[in-house]
Every structure is written in C-alpha cells, then in structure tokens.
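Here are the chains, one letter per residue:
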Amino acid sequence: MKPRVRFAPSPTGYLHIGGARTALFNWLFARHTGGTFVLRIEDTDAARNSQEAVDVILNGLRWLGLDWDEGPLTGDATGPSKGDRGPYFQSQRKENYQRRVEALLSRGLAYEHEGAVKFKMQREPVLIKDLVVGDVLRKLTDREEIDPDFVLVRSDGQPVFHLVNVIDDLEMGITHVIRGEDHLSNTAKHIALFNAFGVPAPHYAHIPLILNGDGSKMSKRDQGASLTSYLDTGFLPEAVINYLCLLGWSPKDNREKMSLAETIELFDLPQILRHNARFDYEKLLWLQGEYARELAPDRFYELAVHAFARAGVDTNPHPLPYVKAALDTCKGKFKTFAELPGYAGFYFTDTVEYDAEAVKKDFVPENKPRLEKLREAFATLPTFDAASVEAALKETAKALGVKVGVLVHPTRLALTGKTSGPSLYHLIDVLGREKVLGRITVALGLISA
C-alpha cells in the first residue's frame, strides 16, 4: 500500500512557519513515494475558528504550491471550478466521532464521568517506534498513575483533539503521521486509542522543532514565524520552499540550493535530522536573492509591478518599454520584492523625495557649478544613452579637476533622491534626457550659491 499522509492544522489566525514545514515534509514524502497527501482542517473548536483563518491556511499552501490530492468537491460541478477540491473539515464529521465514542462505551473501553466521556488508558508502558526519534518507551508519570484516564468528549459535548485526530487518521487510512516533535507526548494516548479501535496505529515520524537563531522557542511575534509575512514582503515561494527543506532535513551531499524536482527525488524520512533546527533569516535572504536573479523576465516584471502596486506606486501611466527598461536595471540588485519600491520608485514619480542626510552632504555650494557644468554636457550630447552619459560625466570631471565620484554622488541624489540604487549611467539612460535635465534643474534650485 502506498503511503497516505496528512496535514491537519487548526484555523487559529495564522500559519506558523513550523506548520508550513510540516505540510511540506508530508507533501514531499507523498510525492517521493507516489502516495497521497490529505489536507484536514481541525476546526472542532468553534470559539477559536473563523473562515478568515481557514483562508490563511489555504492561501499559504497554494502559494507554496502544496496541492492536496483529495477532499470534497467545491463550487458548481459544471462551472469553472469543477474538479476543485476543498480540504476535509472536522466540523463536518461529528457523526463519525459520535459513532466511534458509542462503540468504545459499549465495549467498556470508555465511560461517562461528570457529564464527560473518559477513555480507559492502558496502565502498561506504550512503545512508540518513531521513524525519526527512534524507539520511545512512554511510561505513566506519577500524576498519571493516580488517574491515567483522559477525556474524549467534554461535558459540553465537544470531542477533544486526541479523539478526533485518531478517528480521522483511522478512517482516512493514514499510514504515516509526520508532525512536530511537540506532539510526541500525545502519541502514547493515540496508540492506545488505535489499539482500542482494533486497528494498528500508523507509522509516526516526529520532526524537530524550529527555533530562533538564539535557540529560543519561536513565537508568532518573532521574525519569520508567520508564513503570511513572506507573501507580504515579496519572497518567492520557491525560495521559501527550498529554505524550509533545510530546516530539519539534509540531502546526502549537503547541498543547500536545489530545485523542487530534485528535492522530491531525494527526500525521505531517514534523512530528517534529530536535532532542532535554528531559523537563519540571512540564509533565507541569500536563497531569495539567488532565485530572484534567475527569474524569467515576464515573471520578474509581473512580480515587480505587483510589488509597486502594493506600495501605492502605479506603473500603468508609463509606457511598457519604459517600465521594463527601468526594472531591468534592478534585477539582481535586491532580495525581496518589498524592497523594490524603495529602491526604484523614482522611475515612476514626477517629483523626487531627497534623503535629508544626503542633501546635507552632497547639495553643498561647491557642487552647484559642477552640476551646472554637467547639465550643460548632458544637454548637448548628440546621443543620450548610458555609454555617452558615462563618457560625458568623466570628461566633465576631468575638466573640473575632480574625481568622478564628486559628480556621481550629487547627480544620483538629484535624479533618485537616494545615495544608492541602480547603475547611475543606466538609470540616466532609462529616465531620458528630458527628465534628467529637469531633475538636475530642480536640484540646482535647492543648492545655495
């Protein structure tokens, strides 16, 4: 039988990077083995759940490209969404849980207690044969020795996590449970429940936790903890996927950058590392930069334009060749697309906002005649392109008896408002003679004689 795995998040407001990594490892194992990946939303806690939280999970998985293989059909079966499948929702499976609880009660394996239903937990130790952690013999604690039984259904009729988790794994035929190591403490109870239902438990593989760089537990407020933050800041899903693979798993040859197809071929449970993974934001940024440099032109343009739009910068009024030429000067110069509007927004504005500190340094009286001389050289160039502009600037610097940088810095500030950015000569080429001369003129008006 081919493996059947699942990702079973609770919709509580956001998708933690650890949850995304768990989904990825399950998905990779299913794709590597030709198995099935099931998505199941554990939404039995009505007070904490919302459709918005469900959408966060679904949108995050879709952005990462982690498609699930089965679930109830959604939408009009004859419409454009025919064939689309939603996840399973535990809130729609309550009859299954009630039927199974009644079976346990009828066989004396569970009992009613103060309006709740409790499971008769076995007293002998439970052996957990974990595919990552190894064999773990779970004994009752001193406190559990007094009362090892645990609640299956609360007094308000709400089934608890242990019950619904096991029943769904049983009825969905899950063969491998790949989940965070923080769930290892629950596993003895789950194995006991499988035994009570008369079926073998699935194989368990508890993967290491993701910690902050300093070794502390990662909370939702920490940098990189929420998957949504990667969408908002313009990361590429392939870079995030690649980095998540490295958090607790390592290919045999210790490579770091690899395609998804390569990862699927190489991924298997024995290569999951035993020790906890530490989140390294700088390594993620490095991977992001590598993938951003390799983007096909059309996708690069599309993502860049969307990044400008999210920042409130409209590129639509500008001719498409101009937009593409401007973006070409930026490729390989930034890491996340959220940086792009700040890096190159000057291309798409009528006025320039100047960096205040740079103004104090570069818009000084001695630079006024130098910029005036450079403006004259630019205005009389027969051809206005990057090569001609570079030659004119260097010739002007030589005539003035100054280094090239003396002209470069105030010119860049006049044209972009910043001290760094795309290649000066190429951005001048893109802006064109009219804008360049106009912006230098504005800057000259700000410099005292």
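Above this text is the structure in question.
Residues numbered from 1 in each chain as written. Predicted model: local features only at pLDDT ≥ 70, side-chain atom pairs only at ≥ 80, totals over all residues. Heavy atoms only, no water.

J.: What is the right way to look at the pairing of strand β2 (residues 36-41) in this model?
T.: The two faces of the sheet receive side chains in turn, since in a regular strand these alternate between them. Most of β2 is tucked away, with six of its six residues classed as buried. Across the two faces of β2 the burial is the same, with Thr36, Val38 and Arg40 and Phe37, Leu39 and Ile41 all buried. What joins strand β1 (residues 4-7) to β2 is helix α1 (residues 17-33), and the crossover it makes is right-handed. Across two bridges, β2 lies against strand β3 (residues 88-89) in parallel orientation. (Buried < 20%, exposed > 50% of the residue type's maximum accessible area, 1.4 Å probe, protein only. Helix = DSSP H or I, 4+ residues; strand = E, 2+ residues; numbered from the N terminus. Right-handed = clockwise from strand over helix to strand, strands pointing away. Pairing = 2+ DSSP bridges.)

J.: When you look at the nonpolar core in this model, what are you seeing that I'm missing?
T.: The tendency in soluble globular proteins is for nonpolar side chains to be buried as a group. Ranked by size, the top nonpolar core spans 104 residues in total, and within it Leu340, Tyr347 and Phe378 carry the most contacts. Among the elements that line this core, the one with the most residues is helix α18 (residues 424-446), at 11 residues. The contact partners of Tyr347, leaving out residues within four places of it in the chain, are His318, Tyr322, Ala326, Thr329, Cys330, Pro422, Leu427, Val430, Leu431 and Lys435. Counting residues in each nonpolar core, the second largest holds 33 residues, with Tyr88, Leu152, Val153 and Ala192 among its members. (Core = buried A, V, L, I, M, F, W, Y, C linked by side-chain atoms within 4.5 Å. Contact = heavy atoms within 4.5 Å.)

J.: Would you take a moment to explain the packing of helix α15 (residues 367-379) against helix α17 (residues 404-416) for this structure?
T.: For any two helices packed against each other, the geometry comes down to the angle between their axes and how far apart the axes lie. Here α15 crosses α17 at 85 degrees, and the two axes come no closer than 10 Å. As far as their axial angle goes, α17 and α15 are roughly perpendicular. Of α17, the residues touching α15 (which contributes Asn367, Arg370, Leu371 and Leu374) are Val406, Leu407, Pro410 and Thr411. Across the contact of α15 with α17, the residue classes break down as five nonpolar, two polar and one charged. (Axes fitted to C-alpha atoms, helices over the stretch in contact; angles between N-to-C directions. Parallel < 35°, antiparallel > 145°, perpendicular 65-115°, else oblique. Nonpolar A, V, L, I, M, F, W, Y, C, P; charged D, E, K, R; others polar.)

J.: Can you walk me through the pattern of salt bridges in this structure?
T.: All chains considered together, the criterion is met by 23 salt bridges. The residue Asp149 makes a salt bridge to Arg123 at a minimum N-O spacing of 3.0 Å. Placement of Asp149 in the loop between α4 (142-146) and β8 (150-153) and of Arg123 in the loop between β5 (116-119) and β6 (126-130) is noted, with a sequence separation of 26 residues between them. Since its relative accessible area comes to 12%, Asp149 is described here as buried. By relative accessible area, Arg123 is classed as partly exposed at 48%. Its salt-bridge partner being Glu357, residue Lys360 comes within 3.5 Å of it at the nearest N-O pair. A residue pair is termed a helical-turn pair when its members lie 3 or 4 positions apart in one helix, as Lys360 and Glu357 do in helix α14 (residues 356-362) at three residues. The two residues Lys360 and Glu357 agree in class, both being exposed. (Salt bridge = Lys/Arg side-chain N within 4 Å of Asp/Glu carboxyl O.)

J.: Looking at this model, I keep getting lost on the environment of Glu366. Mind explaining?
T.: In this structure, Glu366 sits in the loop between α14 and α15. What makes Glu366 partly exposed here is its relative accessible area of 47%. Glu366 sits 97 residues away from Leu269 along the chain, and the two C-alpha atoms are 67 Å apart.

J.: Teacher, can you tell me more about the packing of aromatic side chains here?
T.: Each pair of aromatic rings is reported with the distance of its centres and the angle of its planes. Applying the stated criterion to the full structure yields 18 aromatic pairs. Residues Phe25 and Phe267 carry aromatic rings whose centres are separated by 5.2 Å and whose planes lie at 55 degrees to one another, so their mutual orientation is tilted. In this pair, Phe25 sits in helix α1 while Phe267 sits in the loop between α9 (260-266) and β12 (277-278), placing the two residues 242 residues apart along the sequence. Owing to a relative accessible area of 0%, Phe25 belongs among the buried residues under this scheme. Ring geometry for Phe300 against Phe337: centres 6.0 Å apart, planes inclined by 50 degrees, an arrangement best described as tilted. Placement of the pair is Phe300 in helix α11 (residues 297-310) and Phe337 in the loop between α12 (320-328) and α13 (340-344), with a sequence separation of 37 residues. Taken as a pair, Phe300 and Phe337 share a single burial class, namely buried. Aromatic rings pair up to connect Tyr230, Phe235, Tyr243, Phe279 and Tyr281 into one cluster. (Phe/Tyr/Trp six-rings, centres within 6.5 Å; stacked < 30°, edge-to-face > 60°.)

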